[in-house]
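Residue-level structure breakdown
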Amino acid sequence: MSTVDIDAMEEQHHPRGITRWLYTTNHKDIGILYIAFGFLMFIVGGILAMLIRAELMEPGMKVMGPELYNQIISVHGLVMVFAALMPVSAGMVNYLIPMMIGAPDMALPRLNNFSFWLLPPAAILLVLPWLLEFFGIGNGTLDTGWTMYAPLSVQSGPGMDFAIFAVLLLFLSSTLASINILVTVLNLRAPGMTWDKIPIFVWSWVNTAVLLIVVFPALAGAAIMLLLDRHFGTHFFSAAGGGDPLLWVHMFWFFGHPEVYILLLPTAGILVHILSTFARKPVYGYKAQVYSFAAITMISVIVWAHHMYTSGLPTAANIYFMFSTMAISIPVGILFICWFGTIWKGSMTFETPMLFALGYIVLFGIGGLTGLILSDAAADQQYHGAYFVIAHFHYTLIGGPVMGVLAASYYYLPKLTGRMYDETLGKWHFWLTMIGFNVTFFPQFLLGIDGMPRRIADYAVKFAPLNMASSIGAFVLGAAQLIFLYNVYRTLVGAGKPATGRVWDGAQGLEFTLPSPPPYHTFEVPPTV
Amino acid sequence: MSISQAHGGHYYLPKPSPYPALMSTALLLLGAGGALAVNGYVLPAGWLAGAGGLLVVYVLSGWVGDVIRENRRGVYGEKEGVSFRWGMGWFIASEVIFFSSLFGVLFYERNIAVPWLASLNSHYSPWAGFKAVWPTSGPAGAAFTPEHAWGIPALNTLILLSSGVTVTWGLQQITKGHRRAATWAVGATILLGGVFLALQCREFYLAYTELHLTLGSGVYGATFFILTGFHGLHVTIGMIMLSVIFGRCLKGHFGPDNHFGFEAVSWYWHFVDVVWLMLFIFVYWL
């Protein structure tokens, strides 16, 4: 018996210093690692975005050459999707799901730590070619855009190979993390936490994990084939050997389109918790949302070629992909109805998380509706290569996931730290973000309708005024995030008022039955629901 | 005994472990080494990948060793066992999808890309006389001979299916408590897997030297080698796992109620089996 007690004590007293974080098997530590890494990468991706807008502020090559511009837009895309948004989302699931379902930890804790520690190497591999260039190796990092279309990616420099290995590490990380999440939810729910009671956020992540397992292998396979085409003489993507460059585009978007939902679903899940808390009403349409998630998950894997309307597919294929894409707007529309139903006639208050949640609905709504325009195969011929697409997916991905991540950050920061953040600074952050974001991206819709081509470092003089506006908006948007960082910093050092266990008076859920911050280990004895 | 009682009902949470972070360091070294190697920086790549490879071996033995020791201490109860089963199940599901995407590539190249190319004005053909046939000829019409399904590949099908039988029989013996018979069965499975791999290597060698079927033989060669190559890689991984199981059988680690390690590997081996059947049908035969 005595050995057992020592074990138990060791588990309570985790190691200090760097080894705590390197060796950890604790879901809260790993969650914090994911979130911290994700926000660090948001800063990296954000700086790259600022550089892009600095270059595009005026016509002509002002800040950098086109080669570097191409590299910066490629890394900006990959970093924001894979190294910033996905890790923050995975961090939230790690921190929250065991507490939400009354589990002692994630089901496979060592694997959990491995999933996280695969991310920094992937990020290193992406930016390493810039460093190697100083030593005369290669010509910088990948410059093909984040979509890495063949045959450009077959001919591109050594940076592409580093990106391929980075993609493989990301694949491994996401797959293992998804397996862990599914096993945790399947096996470690507290007694009474039945499938019709688990929080919406958990449901959203169950769907996300299934999607990741189903679609990421296609990109991993394609990346391996790209490596073979580049260096081992195969002709997967080369018509010279009977292959087809479009195969890459198919495989990329078979992964890439569901990836949008992989980014979106977790924040759609957390959104409804926040709406319900600040409207002081139960979630409206629980079942409708769960079925909508499932419908989105299923439909999202059969619509990928709406990214390929201009690539010369047969008309019948274009028509099929047009209608299946439009069909997704039905479950997404149901989600919107449930969000409105949740706040309908509630006694709403507008703390910062609620502001970001409402901002999410507005901005993602615009993103979704412009998506309907692009899903029209005929209309897309006009918009496809133009800035309209850039504006659309930034409304979708910043308006949805990023606003959702910020809402969740304010919502759970008091829970994590035991301190309230500064509400005034939070409101400044929200309004400057809203204004900055719309000033940045709304002009891009207009530029796109006027025909400004995307992916190019320079543009015709007639586009100058709107680009100037867009760049100024981007700098406001970037500066606004500094307020957020400062607000988080002052909360972490204990400047705010102490938070209660429940934090918000409308908050529901097992995680709010625990003190703030929660102890290192929670629910070692499962609660009864 | 005392340990499992003390944990009574508590889910086992492993202590902090250095292995996950070390493993990702190893994969970083392998990735950087790989990217440098394919660009001709062989020497630095060799050092990086060599260090990474050694680290992988060290970590795997340490990590798997930890899991085995925890199992021997009896810290895993029913609940932990269910996690391992679900985990292995989803892992195999992700592998199935990976191979499905490779088969998707085969069907796309064979049934869409090649006929599409052939339907174009001959001016755009990759080479003179390009036709919508499978196997295609190589780039610029270089001739190669595809492998015959009913030679070595058919024999290999028989060998791999037999190994599926031996591993299943071994599992049955474990559940009945016949440890010796189970050990023999695992040994036989490893032997059959080894013969399969040796024959595959011989096939690849002959393909390169006599049939002139190479990675560069157009989409036929590319899809042929990526499918059979990845299958061979998975057989190799399965062989390593079986060897661990063989060692554990010799040490008497498994009993009628405690053999999930064995069972998981048998699941994996059956998955490798089924992939081969698909390969035999769609790559070699049809």
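Nothing here was measured: the structure is a model prediction, and the numbers come from that model. (Residues numbered from 1 in each chain as written. Chains lettered and ligands numbered in written order. Predicted model: local features only at pLDDT ≥ 70, side-chain atom pairs only at ≥ 80, totals over all residues. Heavy atoms only, no water.)

**Here's the deal with the overall build of chain B**
We apply this condition: A run of DSSP states H or I qualifies as a helix once it reaches four residues; a run of E qualifies as a strand once it reaches two. Both are numbered from the N-terminal end. Burial classes follow relative accessibility: with a 1.4 Å probe on protein chains only, a residue under 20% of its type's maximum area counts as buried, one over 50% as exposed, and anything between as partly exposed. The contact criterion used throughout is that any non-hydrogen atoms of two residues lie within 4.5 Å. Each accessible area is a Shrake-Rupley estimate made with a 1.4 Å probe; only the visible protein chains count as cover when residues are assessed. Within this scheme the basic residues Lys and Arg register as positive and the acidic residues Asp and Glu register as negative, but His and the chain ends are omitted. We put the charge of a Lys on NZ, of an Arg on CZ, of an Asp on CG and of a Glu on CD.
Along chain B, the regular secondary structure elements total eight helices and zero strands. Reading chain B from its N terminus to its C terminus gives the helix and strand order α-α-α-α-α-α-α-α. With the principal axes as the frame, chain B shows a C-alpha extent of 80 × 45 × 30 Å. Across the 286 residues that make up chain B, the buried fraction comes to 48%. Nonlocal contacts in chain B, meaning residues at least 24 apart in sequence, comprise 74% of its contacts between residues at least 6 apart. Carbon together with sulfur atoms contributes 69% to the accessible area of chain B, which is approximately 13200 Å² in total. Of the charged side chains in chain B, 14 are positive and 12 negative; the average position of the first set lies 8 Å away from that of the second.

**With respect to the overall build of chain A**
Defined as follows: This radius of gyration counts C-alpha atoms alone. The globule rule is 2.2 Å times how many residues there are, raised to the power 0.38.
Per the secondary structure count, chain A includes 17 helices and zero strands. Taken against the 2.2 N^0.38 rule, which gives 24 Å for 529 residues, the C-alpha radius of gyration of chain A at 23 Å falls within 12% of a compact globule. Summarising its shape, the C-alpha atoms of chain A cover approximately 70 × 55 × 45 Å along the three principal directions. Expressed as a percentage of the 529 residues in chain A, the buried residues total 64%. Considering only residue pairs separated by 6 or more positions, chain A has 82% of its internal contacts joining residues 24 or more positions apart. Split by element, the accessible area of chain A, about 18500 Å² in all, is 72% carbon and sulfur. Mean positive and mean negative side-chain charge positions of chain A (22 and 26 charges, respectively) differ by 11 Å.

**A word on the nonpolar core**
The test is simple: We call a set of buried Ala, Val, Leu, Ile, Met, Phe, Trp, Tyr and Cys residues a nonpolar core when their side-chain atoms join them within 4.5 Å. Throughout the structure description, domain borders are defined by an automatic or database domain assignment.
Core analysis: the biggest nonpolar cluster contains 266 residues, and A:Trp248, A:Trp339 and B:Phe262 have the highest contact counts within it. Among the elements that take part in this core, helix H4 (residues 66–101) of chain A stands out by supplying 23 residues, more than any other. Here this core gathers at least three residues from each of two domains, domain 1 (1–76) and domain 2 (77–285) of chain B. What B:Phe262 contacts, discounting residues up to four positions off in sequence, is B:Val167, B:Gly170, B:Leu171, B:Ile174, B:Ala182, B:Val186, B:Ile245, B:Cys249 and B:Phe254.

**Some thoughts on helix H17 (residues 464–492) of chain A**
Note the threshold: In a helix, the anticipated span is given by 1.5 Å times the number of residues less one.
The end-to-end C-alpha distance of H17(A) is 43 Å, a good match for the 42 Å that 29 residues give at a rise of 1.5 Å each. With its phi angle positive at about 90°, A:Gly494 sits one or two positions after the end of H17(A).

**Overview of the packing of helix H6 (residues 119–134) of chain A against helix H2 (residues 19–38) of chain B**
The criterion, for reference: Simply put, an axis is a line fit to the C-alpha atoms, just over the touching stretch for a helix, and the angle between two N-to-C directions goes from 0 to 180 degrees. It is the rotation of the near helix from the far one that decides the hand of a crossing: anticlockwise by less than a right angle makes it left-handed, clockwise makes it right-handed. Amino acids outside the nonpolar list (Ala, Val, Leu, Ile, Met, Phe, Trp, Tyr, Cys, Pro) and the charged list (Asp, Glu, Lys, Arg) are all regarded as polar, and Gly is one of them.
Two elements in contact, H6(A) and H2(B), have axes separated by 10 Å at closest approach and are oriented at 40°. The handedness of the crossing between H6(A) and H2(B) is right-handed. Residue-level inspection shows A:Pro121, A:Ile124, A:Leu125, A:Leu128 and A:Leu132 of H6(A) in contact with H2(B), the latter providing B:Ser24, B:Leu28, B:Gly31, B:Ala32 and B:Leu36. In the contact of H6(A) with H2(B), the residues fall into eight nonpolar, two polar and no charged.

**Remarks on the side chain of A:Thr352**
Residue position: A:Thr352 is located in helix H13 (residues 352–375). Residues within four places of A:Thr352 in sequence aside, it is in contact with A:Tyr410, A:Tyr421, A:Glu423, A:Gly426 and A:Lys427.

**Topic: the confidence of the model for chain A**
Note the cut-off: A residue's pLDDT is the confidence the predictor assigns to it, expressed on a 0 to 100 scale.
Overall, the predicted model of chain A reaches an average pLDDT of 94, with 98% of residues at or above 70. pLDDT under 50 marks residues 1–11 of chain A. Its contacts with residues more than four places away, or in other chains, come to eleven contacts.

**Let's talk about the packing of aromatic side chains**
Applied cut-off: Stacked, edge-to-face and tilted labels apply to pairs of Phe, Tyr and Trp rings (six-membered ring for Trp) whose centres lie within 6.5 Å, assigned for plane angles under 30 degrees, over 60, and everything in between, in that order. Think of it as a cone above the ring: NZ of Lys or CZ of Arg counts as a charge over the ring if it is within 6 Å of the ring centre and within 35 degrees of the ring normal.
Evaluated as defined, the whole model comprises 70 aromatic pairs over all chains. Residues A:Tyr411 and A:Tyr412 carry aromatic rings whose centres are separated by 4.8 Å and whose planes lie at 80° to one another, so their mutual orientation is edge-to-face. Overall, the relative accessible area of 5% leaves A:Tyr412 in the buried class. Judged by centre distance (5.6 Å) and plane angle (55°), the rings of B:Tyr208 and B:Phe225 are tilted. Pair noted here: B:Tyr208 is in helix H6 (residues 179–211) and B:Phe225 is in helix H7 (residues 218–250), with a separation of 17 residues, a long-range link. Given the relative accessible area of 40%, B:Tyr208 is considered partly exposed. Classification of B:Phe225 by relative accessible area gives buried; the value is 9%. The aromatic ring of A:Trp21 is capped on one face by A:Arg20, whose charged end is 4.5 Å from the ring centroid. The side chain of A:Arg189 reaches across the aromatic face of A:Trp195, ending 4.3 Å from its centre.

**Thoughts on the interface of chain A and chain B**
Our working rule: When two components associate, each loses some accessible surface as probed by a 1.4 Å sphere; the sum of these losses over both components is called the buried area. In the sections that follow, a salt bridge refers to a side-chain nitrogen of Lys or Arg positioned within 4 Å of a carboxyl oxygen of Asp or Glu. We call two N or O atoms a polar contact when they sit within 3.5 Å, provided that within protein one can donate a hydrogen and the other can accept it, with sequence-adjacent residues counted only if both atoms are side-chain atoms.
Taken together, the contact pairs 73 residues of chain A with 63 residues of chain B. For the pair chain A and chain B, the summed buried surface comes to about 5700 Å²; carbon and sulfur atoms form 74% of the total. The interface formed by chain A and chain B contains one salt bridge. Residue B:Glu70 is joined to A:Arg110 by a salt bridge in which the shortest nitrogen-to-oxygen separation is 2.8 Å. Seen at the junction of chain A and chain B, the total is eleven residue pairs in polar contact (both at pLDDT 80 or more). Of all the elements in the fold, those that place two or more residues in the side of chain A that touches chain B are helix H1 (2–12), helix H2 (17–23), helix H5 (109–117), H6, helix H8 (159–187), helix H9 (200–231) and helix H10 (245–279) of chain A. Here the side of chain A that touches chain B takes twelve residues from H9(A), the largest share from any one element. Taken together, the residues of the side of chain A that touches chain B sort by class into 48 nonpolar, 17 polar and eight charged.

**Concerning the packing of helix H3 (residues 27–56) of chain A against H6(A)**
All names here are of chain A. The test is simple: Just so you know how the angles are binned, under 35 degrees is roughly parallel, over 145 roughly antiparallel, 65 to 115 roughly perpendicular, and the rest oblique.
Interhelical geometry of H3 versus H6 gives an angle of 20° and a closest axis separation of 11 Å. The orientation of H3 with respect to H6, classified from their angle, is roughly parallel. Pair H3 / H6 crosses with left-handed handedness. In this structure, H3 uses Tyr34, Phe37, Met41 and Leu48 to contact H6, whose residues at the interface are Leu119, Pro120, Ala123 and Trp130.

**A short note on unusual backbone geometry**
A cis amide bond, omega 5°, links A:Ala150 with the succeeding residue A:Pro151. Structurally, the position occupied by A:Pro151 is in the loop between H6 and helix H7 (152–155). At the junction of B:Trp134 and B:Pro135, the peptide bond is cis and its omega measures out at 0° in the coordinates. Note that B:Pro135 resides in the loop between helix H4 (78–119) and helix H5 (152–175). For A:Val503, which is not glycine, the phi dihedral falls at a positive 65°. Mapped onto the elements, A:Val503 comes out in the segment after H17.

**Focus on empty space enclosed by the protein**
All names here are of chain A. The line we're drawing: Residues are called lining when one of their atoms sits within 4 Å of a cavity or pocket point, these points coming from a 1 Å grid over the protein atoms alone, where a cavity is a set in which a 1.4 Å probe fits but cannot get out and a pocket is an open set with protein on both sides within 12 Å along at least five of seven lines. Grid points are joined across faces, edges and corners, and a volume is the space filled by probe spheres set on the points.
Under the criterion given, the structure shown has five cavities of 30 Å³ or more. By volume, the largest cavity is sized at about 170 Å³. Around the largest cavity, the lining comprises 18 residues; the ones closest to its centre are Met86, Pro87, Ala90, Ser174 and Leu212. Of all the secondary-structure elements, those providing two or more residues to the lining of the largest cavity are H4, H8, H9 and H10. When its residues are assigned to classes, the lining of the largest cavity shows 13 nonpolar, five polar and no charged.

**What to know about the environment of A:Tyr486**
As for its position among the elements, A:Tyr486 is in helix H17. Considering only alpha carbons, one finds A:Tyr486 and A:Val260, 226 residues apart in sequence, at a separation of 30 Å.

**Side note on the environment of B:Phe107**
Residues and elements named next belong to chain B. Here Phe107 is to be found in helix H4. Take Phe107: its relative accessible area is 33%, and that puts it in the partly exposed class. Spatially, the C-alpha atom of Phe107 lies 9.0 Å from that of Phe282, the residues being 175 residues apart in sequence.

**Some words on the environment of A:Leu425**
All names here are of chain A. Following the sequence through the fold, Leu425 ends up in helix H16 (residues 423–450). Judged by its relative accessible area of 23%, Leu425 falls in the partly exposed class. Residues Leu425 and Thr352 lie 73 residues apart in sequence; the distance between their C-alpha atoms is 9.2 Å. Not counting the four nearest positions on each side in its chain, Leu425 is found in contact with Ile483, Tyr486, Asn487 and Arg490.

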